[in-house]
Structure formats: structure tokens, C-alpha cells
Amino acid sequence: MQKFDLITEFTEITPSAAIATADHGWKAKCLQRLVRLELPVPGTVALPARTVRMIAAGHPVDAGAILARFGPAPLISVRASPANPDWGGPATILNIGLNAARHQALCETHGETAADALYTRFVQSYAIHVARLDPDMFEDVKPGPGALTEVLRLYAYETDEPFPEDPARQLSEVLRSMARAWEGTSARLLRSAKGAPEDAALGLVVQEMAQGIGQGISGSGVIQFVDSVTGTQRITGRYLGQSQGRDALAAREALYLTRDPRGPSLEDTAPEIMTELIRHGATCRDKLREEMQIEFTIEDGRLSVLDAVRVARSARAGLRIAVALAEDGVISPREAVLRVEPRALSELLHHQVDPRGLRDVIANGIAASPGAATGRLVFSAEAAQGCAARDEDCILVRRETAPEDIRGMHSAVAVLTERGGMTSHAAVIARGLGLPAVVGASDLRLDAKEKRLTARDGRIFREGDVITIDGSRGEALAGAAEMLPPALDESFRQLLSWADEFRDIGVRANADTPADAATARRFDAQGIGLCRTEHMFFEEDRFVVMREMIFADSPADRASALARLLPMQRADFTELFGIMQGLPVCIRLFDPPLHEFLPATREGLRELAEALARPLSEVTRRAEALREVNPMLGMRGVRLGVVLPEIYDMQAQAIFEATIESAKRGAPIVPEVMIPLVSARREVELVKTRIDAVAAMVRTRAKADFDYKLGVMVETPRACLRAGEIAQHAAFLSFGTNDLTQMTYGLSRDDAGRFMNTYVQQGVFPEDPFHILDTDGVGELLLTGAERGRHTRADLKLSICGEHGGDPESIAFCRRAGFDYVSCSPYRVPMARLAAAHLAL
Ligand code: PEP
Ligand code: MG
């Protein structure tokens, strides 16, 4: 019958054999490369995926013909070779071919102990992986004399037949069981979780055993030439005498390859073999253009290389390896840029929890601001300030943050909130400050009054207890986790400067303060794309002046508050322009959502009354009068500018006077003034008329000239739809996708965290739209706005300045839409630069 044709299709791996990853798998291909490099690889035969599929379907395989390739009475191993190494595969089986006769021969060459150990091991792994017997049945077998007899007896007892003696039968059974294991449901599920396609194929490689057990220097190990965590050049690995396969990795008694305080390292016992390994490592790096981990065996002082795989690496090691390879001319700078995943960069900018250490997770939430920090738990801004005064690191835990907490956030090393999402107050402020933050950690219970936090497993943490916040993974950990410092080294700078040579969309930073601007410059942002001026007043001594202005209910009071604000703003802008040295700076006029500025508690009201020297009752009444049901949709942005135009007048005056001052100091600038939360053309007309008038007034008074650009922040759906007429009065449009997402979905950015996980898990949203731009809905509004705006004005500058500006997929969207630049938090600038380069390559 056709179905049972004997399968004979296999290929011996030689330098010229036709071996392809798609047919034979990555391991077969990799072994062929090693053979071509003349590394001492034992004889190997590759079975293509086609053959393996037929074996799984029941076709018999001509195992005798395979064995014949290895000379008389060989011992061999079979390994999985899927097309992609990440897809896993059935376990390797070693020592196939062992039987009574071969065991006897081994006793003579290698001694009885070694021969017994090898045979016992083979019988056990055959029993478990091929005959599918329960691994527990060998639990009571003691290693040493008698073990072999016992495992052979157990095998015969369980299977009702003696252990197979015929090597051809052993091999064909091994091949069949591995082929079938690949087709099994659990293997399918496992690999599809790792992205393998439904029809992912498995090749198999059959290799002559290099024993690792013998009289002279014998053993096995792995070696690599860079550190997997840091990426620095360093020999690491393990070696275990009298061992096989990857035993050395699992065994505690395995020794280091160089300098081991516990005993002689491989370098001590066999320096010439170490030299040989180092030479092979250099060959692999040069010719395979990658840092490889080499699996090797030594038998009686003779080295064999069994396999070489790409060194597993952390993000920081990945970057350093790519740059080092390019600097050594092994790969091109272009390839180095492409080898580093943009999202991986954010780990390098901050302290990071050492992946090698323990992680005792007490709560999960949204990874709102990357980095990690350890400190004592505090439950209020006052306590955080107290800690800072004592020079103690603290972590501020709040249900959600309010204006009063900003002082506390400044004093803390990290923030944890029970509520909130990617663009909530806590998240935005923490990213701006570069503080690690986890928000929306809804699996913890917070009792601020009792100063107590209950973790998801019921453990209780109190004020003063030490915890760690991992803002990169969205986890809170008990105790002080091991940390890695930021890796903003030369390699990092080099990679990004290569990336800049390729990219074709600008990258600016959202920077509100001189400190932010300095960070933006450090990361080579091409300017400031959004300066949220109300954030310039978040510091404690200034916050009160801002509040005074908001609280003023008579023109005289307001004028007096504005008169105090003017010099502060002028000094701010002068400093900002000085730091940016002529690079563009886009200043957004005030957009203070009132709930971010009004005290939320009685205590806060009392403090405010004190600061303003007003009776508490009056401050309370005014706060009540100002309080809005829905402040995010209330008297914000341009609405404030239209209703109380003197506020924007003051800001415009400060900007223009700073512009003149900057030119005097030798750093001329053309400031960009941006009007927030616009929804109608008339709003722009009203504000523009007044700002032009202020400009004229400043020019006359100072007897100096300057230019400026006026633009509109597009963050309401209506502004997108009416961008055509809005652009009549705007030199640029910048899409504020935080508010635009909030308003398009009708979804509060401060409350979304409460159900976002459920929504994403249930597939309602593919991703958190505050995190990754919703290209279908919000994106359509962006395209409409861009197209209508440019229709009116072909030279209209377009950009995005919402949090999405730092996200690689959103950047791709903006680039396709012909935007001039993206703007994101300073700490996301490097990622944006690299992502933009990837898009252009
Ligand atoms: C926005 O809405 O996208 C934006 C950048 O402004 P803010 O986050 O300050 O509302
Ligand atoms: Mg906004």
C-alpha cells in the first residue's frame, strides 16, 4: 500500500548539502553554518519537515539507512529543529543505540560506572518520552550499582516486553514519538501562544554522540562571550566533568569556565581547550554576525561543538551587542538600528528591577511610567514631604492623585495608585517627572486613614514598610528588589545617532519645565512640541499663585494675580528658550481643568485659605461656585481664554518679552503659541486678535521686532471636522490625542482604568486607546483634520502631541499621514527616534 512506503528522505549535513530553514528547521541550518565554519561538529543528518510529518502520520522510516551513515554501532542523539527556535519542540533524546552489547563495549572503554550511568539514563528517557511511561515510576531508583538492572526490570514490567535491543527500532520509535509529540494538542497550544502558525513545521536532526564521559578530560558545557544582562564582553558559562547534553546548566555543582572559587575551572584544567572555544566563539561572531552561545562536549580532551544558539539577552545587552557588532564592522549601522526593538529602549533610561533577582509581586496595575524605585510606603503628600526632608526615599500610594498630591509626587521616588489609566493625572505627571508609576492597581485595597495597604494575597503593608515599584512592568513588589542602573551610555547614544541618520519624521518633546527641557535636550529632541504652561505652576511655592488667579472673582483681584504671574512666566520662557538654544518651542496657553487645581479635601481648603489669607468660609464658597460637574468638559482651554481674555494676554506678553530677551542673549527664537481645546473658528479669531495686539504692544514698548507663529491644538472631534476653516487662522495644527481619544469615545481619561482591562480582555478594544492610537476611529478624525487643514493651507505644519506621540505604532500612523513631527514625554524621545528610523528603513 502506498501509505506505508518506507521513508528514506534525509540529508547529511555537509557544507554543500541543500539544507533550508523552511524545510529542515533552524537547528539544522545553524549546524550547517557551523560545519561550513569548520567547527568540530559531530556527524549530523537532517530530516526535513515533510519526512517528519509522514512519520507522524504512520509511515515507517528507514532507520537502518540513517544509522548506516554513522559507521558501525554508533550512539546517536535526536533533537528538534523547528523553523523558529522560540517554538520549542520535543525533548532531545541522547544515547540511542545503547543495548546490552554496546553497554559491554562501553564498560571496557569507559569503565562500568560510566557505562551503567549512560545506559540507565537512556532507558529512563526512552521509557518516559517514547514508551510514555509515568516518570514517577523511577522515583525510587537509587543511582549507582543495581540502578541499570532495576530500570530495565521496571521497563519490562510496565510494557510487557524487554527493552528494545535493536538500534534501528530504537531510532525509528524515537523519531515517531517526537514527530507525534509535535502534533499533540498541548504542543500546538504552547507554540501558537508564541506566535507559531497553525502549520508550523518540525525538522529533526540526528547527531552522532560526543560522549562527554571518558577517561581523560571529559565533560560538557556551554560558553558565551558576552554577559546576557549587561551585554559587556565577558566569558560566562558552565562546565560539568563527566556529563552530557545540557547537564551543566542544570547542575549546581557545575563549575564556571574561568575563575571559580569552588574548584578548578575549565580554564585551569584545560587551557588549550578554552583557547579553542574562544577561537570558535570569535569565528561564530564574525561569520554568523551574532553573539552565540556554544554547546560543547569534551571527550578524552577532544572538543566537539554540538550546537550554537543566539545568546539570550536583556534589552540593554541587546543594544550593546548590536552597537559593538557594528563598531567592529561585523554588521552595518543600519542593521544595528534594526536589531534593537524601540520599545526595549525605555528599560534603559531608568533604574530597572534586575531580572535575575526575586520578584515578590503584591499588586498589578497599568505600567504608567517606566523605571523602578524602592522606598518606604507613605499614604499622603505630607508624609512624602516629611520623608524627603529626612532624605528618605518614599513611595506615595493614593487612591488617585489630586492637585494636593503634586508636592508629594515631587518628594516621592515612585507612585502607586489604585485607580486611573494611562492618561490620568498621576500617570501624566509621573511621566513628566520621570517617576516610575503604577496606576489602576485595582487588586490592592487601600485604607489611607489607617495607613494600610492590603495586597492581593492578603498581606498587609503599613506606612514605613519598604516596597518596590516596577513602572515598566506595572507591578508593586514587596521589599527592596535588586536593581540595575540606567544604561545611558555611549552605545545608547551611538545607536540613536545612527537612527537619526535614517528617520524622516521629526521628534520633539513635551516639556513643561526647565528640568524637562534639559532632559529633552539630553535625549536630542528637535524642539519642544508641547509646553503645558499650567504645569509650570505645579511646584509648591507657585501653585498658590495659579490658584489665586483661578479663585479671583473680581477683575482687580485677577489683575493682581496676573501681575504676579507675569514675571514668573517671563522668567520661565526665557530659561526654556535659553536651554533650547533656538530649537522650536511650542507653548500652549493655559488649559487648567479645574479639578486639577481646586482642593479636593477640607484640609486642602484650609491650606488654601491660609495661603491666600482669606477666610475659610470664603474660599469654600468660591470653590463650590467654581466646581464643575464635569471639569474635563468644562471651563478649560480656550474657553478660559475667551471668557477671561486677560489671562492669555498676560501669557502672550510673557512669551514675547522672553523672545526679545532671548534674542539679546544670542539665542533668537520664533516661538510657537498654541491655543488648546478649540472647537470653533471664532474661538481662534478672538484669541488671535488679542495676541496680535499684545505682540504689537510689546514691539512698540520694547522697540524691538520678533516673529511668532500661532497654532491650534486639535483635541475635540469638532476641531477635526472643521479643521479647514480653523486652519485659515493657524500656521500649525497639533493633535492632542489624549483629549481627542477621551472625547471620541466619550470615555473619561481619568476613569478608564477601572474597566480598561476587562474591555481589552473581552476584545471590545484591541488595546487601551489612551496608550495605542485608535487608528480606526480617532485616526479617521486625524486624517480628516489633516486633509481639511492642508486643503486650506498647503504649508500647514502637522503634528501630534498626545501621549501617543511616543508610541511606535502611532508614530507609523502619523508618518503615513504626512505629519511633520511627533511630540512625546522627554523620556519617550529615544524610543520615538528609533521607531521613526525603523519606519524609514
Ligand atoms: C492632549 O489632550 O492630547 C494633550 C496633549 O493635552 P493634555 O494631556 O494636557 O490635555
Ligand atoms: Mg488636552
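Quantities reported herein were computed from a predicted structural model and do not represent experimental measurements.

Conventions adopted
- Residues numbered from 1 in each chain as written.
- Chains lettered and ligands numbered in written order.
- Predicted model: local features only at pLDDT ≥ 70, side-chain atom pairs only at ≥ 80, totals over all residues.
- Heavy atoms only, no water.
- Helix = DSSP H or I, 4+ residues; strand = E, 2+ residues; numbered from the N terminus.
- Buried < 20%, exposed > 50% of the residue type's maximum accessible area, 1.4 Å probe, protein only.
- Contact = heavy atoms within 4.5 Å.
- Donors = N, O, S within 2.8 Å, 3.2 Å for Na, K, Ca; no water.
- Pairing = 2+ DSSP bridges.
- Axes fitted to C-alpha atoms, helices over the stretch in contact; angles between N-to-C directions.
- Parallel < 35°, antiparallel > 145°, perpendicular 65-115°, else oblique.
- Left-handed = near helix turned anticlockwise from the far one by under 90°.
- Nonpolar A, V, L, I, M, F, W, Y, C, P; charged D, E, K, R; others polar.
- Core = buried A, V, L, I, M, F, W, Y, C linked by side-chain atoms within 4.5 Å.
- Domains from an automatic or database assignment.
- Polar contact = N/O pair within 3.5 Å; in protein donor to acceptor, adjacent residues only side chain to side chain.
- Near = heavy atom within 4 Å.
- Areas by Shrake-Rupley, 256 points an atom, 1.4 Å probe, with all protein chains shown as cover.

(A) Representation of the overall build of the protein in the model. Along the backbone of the protein there are 33 helices and 30 strands. With respect to the principal axes defined by its C-alpha atoms, the protein has extents near 105 × 60 × 55 Å. Across the 841 residues of the protein, 56% fall into the buried class. For the protein, long-range pairs separated by at least 24 residues make up 69% of all intrachain contacts whose partners lie at least 6 apart in sequence.

(B) Inspection of the coordination of the magnesium ion (ligand 2) at higher detail. Taken together, the protein donors to the magnesium ion (ligand 2) comprise Glu715 (OE) and Asp739 (OD), at separations of 2.0 to 2.1 Å. Placement of Glu715 in the loop between β27 (709-714) and α27 (717-721) and of Asp739 in helix α29 (residues 737-745) is noted, with a sequence separation of 24 residues between them. The burial state of Glu715 is the same as that of Asp739; both residues are buried.

(C) Local environment of the pairing of strand β9 (residues 302-310). Direction of pairing for strand β8 (residues 292-299) relative to β9: antiparallel, over a ladder of 8 bridges. Among the inter-strand pairings, Met292 is bridged to a residue of β9, identified as Arg310. Linking β8 to β9, which pair antiparallel, is a turn of 2 residues; within it Asp300 sits at a positive phi near 50°.

(D) Representation of the packing of helix α25 (residues 645-664) against helix α26 (residues 681-702). Contact geometry of α25 with α26 gives a least axis separation of 9 Å together with a crossing angle of 40°. As the angle between them shows, α25 and α26 are arranged oblique. Relative to α26, the crossing made by α25 is right-handed. Residues Pro645, Glu646, Tyr648, Asp649, Ala652, Gln653, Phe656, Glu657 and Ile660 of α25 lie in contact with α26, whose contacting residues are Val687, Arg690, Ile691, Val694, Ala695, Met697, Val698, Arg701 and Ala702. Here the contact of α25 with α26 is composed, by residue class, of 12 nonpolar, 1 polar and 5 charged.

(E) Region of the structure containing the environment of Asp391. With respect to the helices, strands and loops of the structure, Asp391 is situated in the loop between α15 (381-389) and β14 (394-398). Residues Asp391 and Cys284, spaced 107 residues apart in sequence, show a C-alpha to C-alpha distance of 50 Å.

(F) View of the nonpolar core. Counting 148 residues, the largest nonpolar core has Leu495, Met549, Phe590, Phe656, Ile691, Leu733 and Phe819 as its most contacted members. The element contributing the most residues to this core is α25, with 9 residues. Looking at which domains feed residues into this core, each of domain 3 (353-484) and domain 4 (503-538 + 566-592 + 636-840) supplies at least three. With sequence-adjacent residues up to four places away left out, Leu733 is seen in contact with Val712, Val714, Ala723, Ile726, Gly785, Gly789, Leu796, Lys797, Leu798 and Ser799. In this structure, Ile7, Ala56, Ile96 and Ala115 belong to the second largest nonpolar core, which totals 55 residues.

(G) Broad picture of the side chain of Ser177. The topology assignment puts Ser177 in helix α8 (residues 167-183). Within the local environment of Ser177, its side chain forms a polar contact with the backbone oxygen of His129, the two atoms lying 3.5 Å apart. Here Ser177 is in contact with His129, Val130 and Arg132, once residues within four sequence places are set aside.

(H) A look at the side chain of Ser411. Position of Ser411 among the secondary structure elements: in helix α16 (residues 405-411). Discounting chain neighbours no more than four positions away, the residues touching Ser411 are Ala384, Gln385, Ala388 and Cys394.

(I) Molecular detail of the domain arrangement of the protein. Each domain of the protein was delimited in the assignment, giving domain 1 (2-208), domain 2 (219-313), domain 3 (353-484) and domain 4 (503-538 + 566-592 + 636-840). Between the C-alpha centres of domain 2 and domain 4 the distance comes to 54 Å.

(J) Spotlight on the site of ligand 1. Near ligand 1 you find 13 residues, and of these Arg532, Glu715, Gly736, Asn738 and Arg749 are the closest. Within the contact set of ligand 1, an oxygen atom lies 2.9 Å away from a side-chain nitrogen or oxygen of Asp739. Compared with its free state, where it exposes 290 Å², ligand 1 has 95% of that area covered by protein. Those elements giving two or more residues to the shell around ligand 1 turn out to be β24 (528-532) and α29. The greatest single-element share of the shell around ligand 1, amounting to 3 residues, is contributed by α29. Looking at the shell around ligand 1, its residues break down into 3 nonpolar, 4 polar and 6 charged.

(K) Spatial organisation of the sheet that holds β9. The antiparallel open sheet is built from 4 strands, whose spatial order is β7-β6-β8-β9. Looking at which strands have only one partner, the edges of the open sheet turn out to be β7 (233-241) and β9. Each adjacent strand pair in this sheet contributes to an overall mean axis angle of 20°, direction not counted. Helix-sheet contacts for helix α2 (residues 26-36) involve β8 and β9, and the interaxial angle to β9 is about 130°.

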